[in-house]
Amino acid sequence: MRTPKHDLPEAVAKRIPIYYRYFKLLETDGIERIKSEQLAKLVAIPSATIRRDFSYIGDLGRSGYGYEVSHLIQIFSTVLKADILTKMAVIGVGNLGRALIENNFRRNDNLQISCAFDTNPALVGQTLNGVPIYAIDQLVTVIPAAGITTAISTVPSEASQGSAEQLIDAGITSILNFAPTRLQVPRHINVRYLDLTAELQTLLLFEE
Ligand code: NAD
């Protein structure tokens with residue numbers, strides 16, 4: 001049961017991984033059933049929002065009786081593809097790229113950076129935390145051979161548009177971009193931006 005992506009509002013899509021994380025914690029704690037009011041306290045999201053969010057996902061049970069945690073995990077893991085290994089490429093092995101490769105989503109078995117690319121010849125041929133670093137001209141062979149469709153871009157802002165085009169030429173369809181520059185990409189390419197500076201500026205807007 002997978003809700004069509006175009007039907008899922010952005011705000012709901014952002015909360016789904018949060019719910020899933022808490023369901024896994026409940027499972028670890030041996031909790032089999034949870035009411036939406038209890039879940040609301042746990043995840044700090046109003047219960048009305050939770051019920052509305054869940055209605056996008058499908059029939060998850062009756063909120064008054066409580067949701068069955070194993071059922072929630074089963075449904076949400078399908079929605080999130082949490083039971084499928086997603087291999088990813090990193091482009092730009094500088095400060096940020098290196099940190100991501102060193103961490104390599106170690107708490108998430110289903111997310112794995114499996115190759116990296118950089119223009120710096122001094123980095124090409126090296127291996128970082130088991131992840132090989134390739135030259136940019138190897139993108140078109142390595143990416144399709146590994147069946148990778150997702151990339152994390154940590155190149156400098158001025159290089160991000162050109163890198164995105166090279167990634168797309170190699171078969172990448174989803175890009176997480178750390179540079180704030182907005183990318184011009186074809187409609188079928190899925191791009192998200194993680195702009196730490198903008199997040200901090202928004203945080204500081206609310207500082208008294
Ligand atoms: P960095 O200069 O340390 O690393 C960039 C890497 O990209 C280098 O290894 C460089 O050789 C490589 N590179 C340059 N052009 C390339 C290309 N065309 N193709 C492939 N590789 C290329 O930069 P950083 O600090 O890691 O930051 C990376 C991006 O993340 C920047 O866009 C920056 O604005 C953004 N960012 C970084 C931070 C941070 O804390 N480091 C915070 C917020 C945003």
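A.B. asks: Can you break down the sheet that holds strand E7 (residues 150-153) residue by residue, with the values?
C.D. replies: Pairing is mixed in the open sheet, where 7 strands are placed in the order E5-E6-E4-E3-E7-E8-E9. Each edge of the sheet is formed by a strand with only one pairing partner; in this case those strands are strand E5 (127-128) and strand E9 (190-193). Note that strand E3 (residues 86-91) and strand E4 (residues 111-118) share 6 bridges and pair parallel. The residue bridging Ala89 from the neighbouring strand is Cys115, located in E4.

A.B. asks: Let's hear about the site of the ligand: which residues, and what values?
C.D. replies: Of all residues adjacent to the ligand, which total 20 residues, the nearest are Gly94, Asn95, Leu96, Asp118 and Val155. Taking Gly94, its main chain carries an N or O atom lying 3.5 Å from an oxygen atom of the ligand. Taken by itself the ligand offers 830 Å² of open surface, and the protein chains cover 69% of this. Contributing elements (two or more residues each) for the shell around the ligand: helix H5 (95-103) and helix H7 (157-169). A total of 3 residues in the shell around the ligand trace back to one element, the largest contributor, which is H7. The class makeup of the residues in the shell around the ligand is 11 nonpolar, 8 polar and 1 charged.

A.B. asks: Help me get a handle on the packing of aromatic side chains, residues and values and all.
C.D. replies: Under the criterion given, the structure shown has 8 aromatic pairs. For the pair Phe54 and Tyr67, a centre-to-centre distance of 5.0 Å together with 65° between the ring planes defines the contact as edge-to-face. Taken together, the residues Phe54 in helix H3 (residues 47-57) and Tyr67 in strand E2 (residues 67-68) connect sequence positions 13 residues apart. We note Arg182 situated over the ring of Tyr193; from NZ or CZ to the ring centre the distance is 3.8 Å.

A.B. asks: Account for the packing of helix H1 (residues 10-28) against helix H2 (residues 36-43), naming residues and giving values.
C.D. replies: One way to put it is that H1 packs onto H2 with a least axis distance of 11 Å and a crossing angle of 105°. With respect to each other, H1 and H2 are oriented roughly perpendicular. Here Tyr19, Tyr22, Phe23 and Leu26 of H1 lie close against H2, whose contacting residues are Leu39, Leu42 and Val43. Counted by class, the contact of H1 with H2 contains 7 nonpolar, no polar and no charged residues.

A.B. asks: Just give me the short version of unusual backbone geometry, but keep the residues and values in it.
C.D. replies: The phi angle at Phe105 is positive, at roughly 50°, despite the residue not being glycine. Position of Phe105 among the secondary structure elements: in the loop between H5 and E4. Non-glycine residue Asn129 carries a positive phi angle of around 50°. Residue placement: Asn129 occurs in the loop between E5 and strand E6 (131-135). Overall, the relative accessible area of 44% leaves Asn129 in the partly exposed class.

Criteria and thresholds
- Residues numbered from 1 in each chain as written.
- Predicted model: local features only at pLDDT ≥ 70, side-chain atom pairs only at ≥ 80, totals over all residues.
- Heavy atoms only, no water.
- Pairing = 2+ DSSP bridges.
- Helix = DSSP H or I, 4+ residues; strand = E, 2+ residues; numbered from the N terminus.
- Near = heavy atom within 4 Å.
- Polar contact = N/O pair within 3.5 Å; in protein donor to acceptor, adjacent residues only side chain to side chain.
- Areas by Shrake-Rupley, 256 points an atom, 1.4 Å probe, with all protein chains shown as cover.
- Nonpolar A, V, L, I, M, F, W, Y, C, P; charged D, E, K, R; others polar.
- Phe/Tyr/Trp six-rings, centres within 6.5 Å; stacked < 30°, edge-to-face > 60°.
- Lys NZ or Arg CZ within 6 Å of the ring centre and 35° of its normal.
- Axes fitted to C-alpha atoms, helices over the stretch in contact; angles between N-to-C directions.
- Parallel < 35°, antiparallel > 145°, perpendicular 65-115°, else oblique.
- Contact = heavy atoms within 4.5 Å.
- Buried < 20%, exposed > 50% of the residue type's maximum accessible area, 1.4 Å probe, protein only.

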